[in-house]
Structure formats: structure tokens, C-alpha cells
Amino acid sequence: MTNQKVAIITGGSSGIGRATAVALAKVGARVVIAARRAKESEETLQLVKEAGGDGIFIKTDVARQDEVKQLVELTVGKYGRLDYAFNNAGIIEELMPFADNASDTFDHIMNANVKGIWLSMKYEIPHMLKNGGGSIVNMSSVAGIIGMAQRSIYVASKHAVLGLTKSAALEYAKSGIRINAVAPGAVGTEMLEQVVGDSKRKEAIKAMHPIGRIGKPEEIANAVVWLLSDKASFVTGHTLLVDGGFVSR
């Protein structure tokens, strides 16, 4: 990557999004952090600058079409182009028996995890076409590969991400836009802490990973940076598992 590359990272306020913003800054990309939480996003931006990078924060709710459209327009207005996008924003579902889930819960999760990625690509792709190409990585999960009891809506949303990724990848492969997905196992983030809670449950989750631990945000970031880069120039429509062997059990 050169210092001319411009990258959008949704969900860039913390966790994997923050780690990816810093990793991209270190390889010279200009970084646009998109998220709902301003304070945490400004902290990410400070880390980007400390890493020698350049970037801006644009407050964005990816489930809102007007805000996603504005995000991409402001990015191109500021930097003149868009080369990379990591569509990472999303939420998880609390454990809930299938039949007890509410319709509002379904809409909330699908809006954030699926509609948000669809909207992001809808507005990112036309600007990448103007550049003659680009690269997109969408956030899925091991839950996009397997089933999980009592997390049916979240699992469905992450499967849907892979469907969007593969379909868009086929459509734009000859236009120079590569579109892939990353599927992490459990990663040490704020979101995991919210879901896991007590240390006994955390140990149980660790034991589900043959590698014997949960992942680090930087490990997922490294995979995303590789997929975005020209080093992955023959990779499109692919789902890269970064899961410590979780799915191979």
C-alpha cells in the first residue's frame, strides 16, 4: 500500500475495527473511521496519528442509508478517492431460545449486521469503479459457517454477509474490485466481554479453540490488511477463517 490509498473502516471505534485502523495507518493508508460512538472513535483516531497515519472520524450509523451515503461522499470529498473498505460494524445477540426472540430483535440485528454491509457496499462500489478498482473486506464470523444454539438471528446475519460477499465479488471481479470476508473466532474485544461476563464462561470459550486461547484484535487486523492489499490480488469471493481452529474441531 502507498500513502495514496484511502480506507473506510466501519465500527472503527474499538476492538477489531480500531486495530485495523491502526494497522492500515502503519502501512500508509489514509483512514476514515466510521462509528456511532464519538469519544471512542476520536481515541482510535489519536492512535492512528500516533502510528504516523492520517485520518478523520465521521459519525455514522450503518443501518441508516442517508448516513452511509454521507460517509462515502465525505470521504471522497476529503481525500478524492476510495480504495479500501472494511465493513466491520455489527452487533451480537444475547443467548435466547429461538421461539422467544422478538421481531424487533430480528430487525435490529439484521439492520446492523446485514443491511449495514449491503448499504456500505452499495455506496462504496461506485466510487471504486471510478478509480478503476478497489478492495472490500466484510466482517462475518465463525457463526457464518456453522450453527449456534440460542443465537439463531446472529448466525443468520453472519451467513447472510457471506452471501452478499460472494454475490458482489462475482459481479465486480472483472471490474477490478475484490470483495472478501473475514470470519474470526472469539476475539478479546469489548463485545466479547459484554457477551461472556464471568471468567468461567471465558475459559469455556477458550477451550473451544484448539489453539488454546482467544484471538487478539491485531491478529484479525493483520488478516484484513492482507486481504485488502495487492498481496491478495488473486483472492476474491473468499471467506478467510481466522479462528484458532474453531471450525475444524
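As shown above, the structure is provided for reference.
The notes below deal with the structure included here. (Residues numbered from 1 in each chain as written. Predicted model: local features only at pLDDT ≥ 70, side-chain atom pairs only at ≥ 80, totals over all residues. Heavy atoms only, no water.)

## Describing the overall build of the protein chain
1) Next: When helices and strands are tallied, the protein chain shows 8 helices and 7 strands.
2) Next: Its C-alpha radius of gyration of 17 Å places the protein chain within 12% of the 18 Å reference for a compact globule of 249 residues.
3) Next: When its C-alpha atoms are laid out on the principal axes, the protein chain stretches across 50 × 35 × 35 Å.
4) Next: Per-residue burial over the protein chain gives 49% buried out of 249 residues. (Helix = DSSP H or I, 4+ residues; strand = E, 2+ residues; numbered from the N terminus. Rg over C-alpha atoms; globule rule 2.2 N^0.38 Å. Buried < 20%, exposed > 50% of the residue type's maximum accessible area, 1.4 Å probe, protein only.)

## Brief notes about the environment of F234
1) Next: By the element assignment, F234 lies in the loop between α8 (217-228) and β7 (239-242).
2) Next: Taking relative accessible area as the criterion, F234 reaches 85% and is therefore assigned exposed.
3) Next: For the pair formed by F234 and R178, sequence separation is 56 residues and the distance between their alpha carbons is 8.6 Å.

## Quick notes on the sheet that holds strand β2 (residues 30-35)
Sheet strands pair by backbone hydrogen bonding; their relative direction is either parallel or antiparallel.
1) Next: The 7 strands are arranged β3-β2-β1-β4-β5-β6-β7 in an open sheet whose pairing can be described as parallel. Looking at strand neighbours, the two that pair on one side only are β3 (54-59) and β7, the edges of this open sheet. Pairs of neighbouring strands in the sheet enclose a mean axial angle of 20°, with direction left out of account.
2) Next: Across 4 bridges, strand β6 (residues 177-184) lies against β7 in parallel orientation. Residue pairing for β7: V182 is matched across the bridge by L240. (Pairing = 2+ DSSP bridges. Axes fitted to C-alpha atoms, helices over the stretch in contact; angles between N-to-C directions.)

## Re the packing of helix α1 (residues 15-26) against α8
1) Next: In contact at an axis separation of 8 Å, α1 and α8 are set at 55° when each is read in the N-to-C sense. Comparing the axis directions of α1 and α8 gives the class oblique. The two elements α1 and α8 meet at a crossing, and its hand is right-handed. Contact with α1, carried on its side by G15, I16, A19, T20, A23 and L24, involves P217, E218, I220, A221, V224, V225 and L228 of α8 and no other residues of that element.
2) Next: Here the residues of the contact of α1 with α8 are counted per class, giving 10 nonpolar, 2 polar and 1 charged. (Parallel < 35°, antiparallel > 145°, perpendicular 65-115°, else oblique. Left-handed = near helix turned anticlockwise from the far one by under 90°. Contact = heavy atoms within 4.5 Å. Nonpolar A, V, L, I, M, F, W, Y, C, P; charged D, E, K, R; others polar.)

Geometric values such as these leave the question of function open.
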